[in-house]
Amino acid sequence: MSPSSLGATPRRRHLTDIAWRAIAGLSAVAVAGTLLLILGYIVREGIGALSLSFITNTPRPIGIPDGGVGNGIIGTIIIIGIAALMAFPVGALVGIYLGVYGHGRTAASMRFLSDVLASVPSIAIGLFAYTLLVQPFHHFSAFSASFAFAVLMMPLVIRTTEGALRLLPAALRESAVALGASDYQVTARCLLVAARPGIITGLILALARVTGETAPLLFTAFGSQFWEFNPSNPMAELSLQIFTYAISPYREWHQQAWAGALLLILAVCALGILARVAFRQRATVET
Amino acid sequence: MSGAAAGGLEDRFGHTRVRPRGRLAAWLFSVALYGSCFLFFAVIVGLFLELLWGSRLSLGKFGLRFLWSTQWNPVTQQFGALPFLYGTVVSSGIALLLAVWVGVLAGVYLAEFAPRQLSFMLSLLIELLAAVPSVVYGLWGLFVLAPIVSSWIGPALQAAFGFLPIFQGTIYGVNMLTASLILALMIVPTITAITRDLVAAIPPRVREASLALGASRWETTYKVVLPLVRSGIFGACMLALGRALGETIATTMVIGNRPAISASLFAPGYTVASVIANEFTEATTNLYLSALIELGLILFVVSILVNGAGRLLLQLLVRPQ
């Protein structure tokens with residue numbers, strides 16, 4: 001401790017103590033409060049424009065009522081679904097490699113690369129998807145968006161799978177080996193089963209991570225005014241629609257942007273709750 | 001990886017077991033395992049090479065001049081990234097300056113002072129803040145924060161510190177300051193969560209020793225606990241900075257998108273990520289496209305450097321314990 005504070009009077013030190021603790025508390029409350037402020041605003045502005053037709057219709061031109069984001073919702077589900085189909089097997093397998101067999105320099109460098117990939121801005125990954133899957137085919141496609149999302153999801157899936165496997169007690173593995181299980185059996189029949197809730201949590205968190213991700217979509221999925229189910233065509237996506245509506249000059253569209261944001265927030269919250277529920281399951285498995 | 005060639009996988013304890021022969025499932029499993037690892041490497045290497053290859057025209061034509069030229073003119077095909085680099089660095093830098101105080105104090109409060117229940121609840125809210133999609137931040141920033149900045153925060157700052165060049169000139173709603181505020185909001189949860197975990201990991205006996213010497217709770221936190229986690233907090237700041245540098249949609253919506261360098265924070269700016277977002281689908285020539293991809297390459301390299309530094313700092317802290 002520095003001499004200066006020892007020289008201060010006890011009363012002054014006491015006040016300083018209280019003041020700083022109050023400031024720290026205020027900071028925490030302010031940060032959490034901002035979230036409530038944002039959520040409150042979205043609910044207030046969005047709930048008015050939210051209706052059944054908003055969820056089931058396609059966008060309509062300004063002045064024609066009952067426009068919706070139905071095609072965007074379907075597009076979001078298709079794009080993220082395909083992304084999950086690509087990212088999950090690869091990510092989980094890499095995670096298994098790191099969690100079960102991962103040691104030495106190769107594994108360490110893969111962990112580092114996975115962290116690096118997690119930190120690459122999504123727009124740069126969008127450019128990658130563009131040069132790889134849009135440019136050669138000369139048209140935008142939902143599939144290229146899925147690819148970009150898959151790259152975004154992969155590091156998350158890898159690290160959560162690895163984490164879930166590493167959390168398992170060593171005794172579990174040892175007893176399987178002692179029973180004469182082969183290497184493959186130990187991993188697939190024993191460790192993976194025990195770690196399943198954790199792995200599923202990771203997948204859900206990865207889904208939440210890309211729900212609402214907009215930047216890579218600008219030049220991959222591109223957006224569409226119509227129902228579109230073919231992944232090789234340009235496709236509408238909810239967060240892209242929110243972006244387009246928000247920067248438009250029309251009040252009507254602004255309202256739709258708020259309603260879309262409300263949907264997006266609800267989806268992210270639902271995924272978050274789902275992840276927590278899945279995570280809870282692990283505790284019951286372990287006991 | 002050489003263990004596989006010899007016929008078995010090495011586990012993390014270094015034991016090698018022979019793979020049962022003729023077991024198709026086991027064979028397929030290890031093929032899938034290594035195939036996935038290879039694919040993962042391929043994606044990362046491919047990402048870098050694609051960006052490099054995509055920016056070859058621009059790299060060849062402008063070279064290093066790209067970094068400090070202020071010309072961004074699609075008509076004359078002159079491309080320089082300085083206004084965007086300036087906007088990115090300034091908006092992220094201010095965001096970090098604003099976020100670090102609040103974030104660290106909030107994290108310290110959650111780990112040191114808050115009652116358990118309250119800490120849990122606040123942590124949950126702050127984690128949720130991190131999960132809000134950036135387009136939602138942008139929407140809120142555009143319609144709620146921007147008007148507040150142009151009619152309240154801006155004039156107040158101008159009245160108090162108007163003698164500084166950064167607070168002079170016309171106050172726009174969408175400007176560098178609004179972008180910085182939104183970015184600060186987006187990176188605060190990162191700093192708070194990491195600080196909370198770092199502080200909570202310091203063993204109680206450290207605090208007890210300090211308290212036993214007569215230090216108050218805050219003195220203990222400020223002079224004993226925080227110095228122990230200093231490099232970790234620095235690492236957290238790096239991670240937060242990395243996120244702010246690459247943030248696209250929210251900044252694009254509130255920064256004003258004008259490719260000019262202005263001393264005033266009340267003037268519109270532009271960032272590297274936003275110019276890619278705005279102009280990519282409108283890029284008409286190959287050189288234009290290439291220049292935009294080079295911006296992506298810059299973003300990629302910078303974010304790796306910043307994040308790598310942050311993770312290194314966090315790891316250095318974790319190791320001795």
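It should be emphasised that the depicted structure is a prediction, and the values quoted were computed from it without experimental measurement.

Considering the overall build of chain A
The helix and strand tally for chain A stands at eleven helices and zero strands. The secondary structure elements of chain A, listed N-terminal to C-terminal, are α-α-α-α-α-α-α-α-α-α-α. In terms of overall size, chain A is more extended than a compact globule, its C-alpha atoms giving a radius of gyration of 24 Å where 287 residues would be expected to give roughly 19 Å. For chain A, the spread of C-alpha atoms along the three principal axes comes to 70 × 65 × 35 Å. Out of the 287 residues belonging to chain A, those deemed buried represent 51%.

Observations regarding the nonpolar core
Side chains of a nonpolar character, in soluble globular proteins, are inclined to be buried together. Core analysis: the biggest nonpolar cluster contains 193 residues, and Met-153 of chain A together with Ile-187 of chain B have the highest contact counts within it. Counting residues per element, this core draws most heavily on helix H4 (residues 70-101) of chain A, which supplies 17 residues. Two domains each put at least three residues into this core: domain 1 (2-54) and domain 2 (67-318) of chain B. Leave out the neighbours within four places in its chain, and Ile-187 of chain B touches Ala-95, Leu-96, Ala-99, Ala-240, Arg-243 and Ala-244 of chain B.

Description of the domain arrangement of chain B
The parts lose accessible area when they come together, and the size of an interface is often stated as this lost area. For chain B, the domain assignment lists domain 1 (2-54) and domain 2 (67-318). The centre of domain 1 of chain B, based on its C-alpha atoms, is set 38 Å off from the matching centre of domain 2 of chain B.

Focus: helix H6 (residues 116-131) of chain B
Since there are 3.6 residues in each turn of an α-helix, residues three or four apart along the chain are aligned in direction. Its 16 residues give H6 of chain B an end-to-end C-alpha distance of 23 Å, which sits within 8% of 22 Å, the value for a rise of 1.5 Å per residue. Three or more residues of H6 of chain B are buried, namely Leu-122, Ser-123, Ile-126 and Leu-129 of chain B. Buried residues along H6 of chain B cover an arc of 115° about the axis, so they all sit on one side. Away from its buried face, by an angle of more than 90 degrees, H6 of chain B presents the exposed residues Arg-116, Gln-117 and Phe-120 of chain B. Turning to H6 of chain B, the residues buried within the fold contact helix H2 (10-49) of chain A together with helix H5 (82-113) and helix H8 (176-200) of chain B.

A word on the environment of Met-235 of chain A
Residues and elements named next belong to chain A. The topology assignment puts Met-235 in the loop between helix H9 (183-210) and helix H10 (238-246). Residue classification places Met-235 among the buried positions, given that 31 C-beta atoms sit within 10 Å. In sequence terms Met-235 and Leu-172 are 63 residues apart; their C-alpha atoms lie 47 Å from each other. Contacts of Met-235, omitting those with residues within four sequence positions, involve Gly-75, Ile-78, Ile-79, Ala-142, Ala-221, Ser-224 and Glu-228.

Cut-offs and rules
- Residues numbered from 1 in each chain as written.
- Chains lettered and ligands numbered in written order.
- Predicted model: local features only at pLDDT ≥ 70, side-chain atom pairs only at ≥ 80, totals over all residues.
- Helix = DSSP H or I, 4+ residues; strand = E, 2+ residues; numbered from the N terminus.
- Rg over C-alpha atoms; globule rule 2.2 N^0.38 Å.
- Buried ≥ 20, exposed ≤ 12 C-beta atoms within 10 Å, placed from the backbone.
- Core = buried A, V, L, I, M, F, W, Y, C linked by C-beta atoms within 7 Å.
- Domains from an automatic or database assignment.
- Contact = placed C-beta atoms within 7 Å.
- Expected span 1.5 Å × (residues − 1).
- Arc of directions from axis to C-beta.

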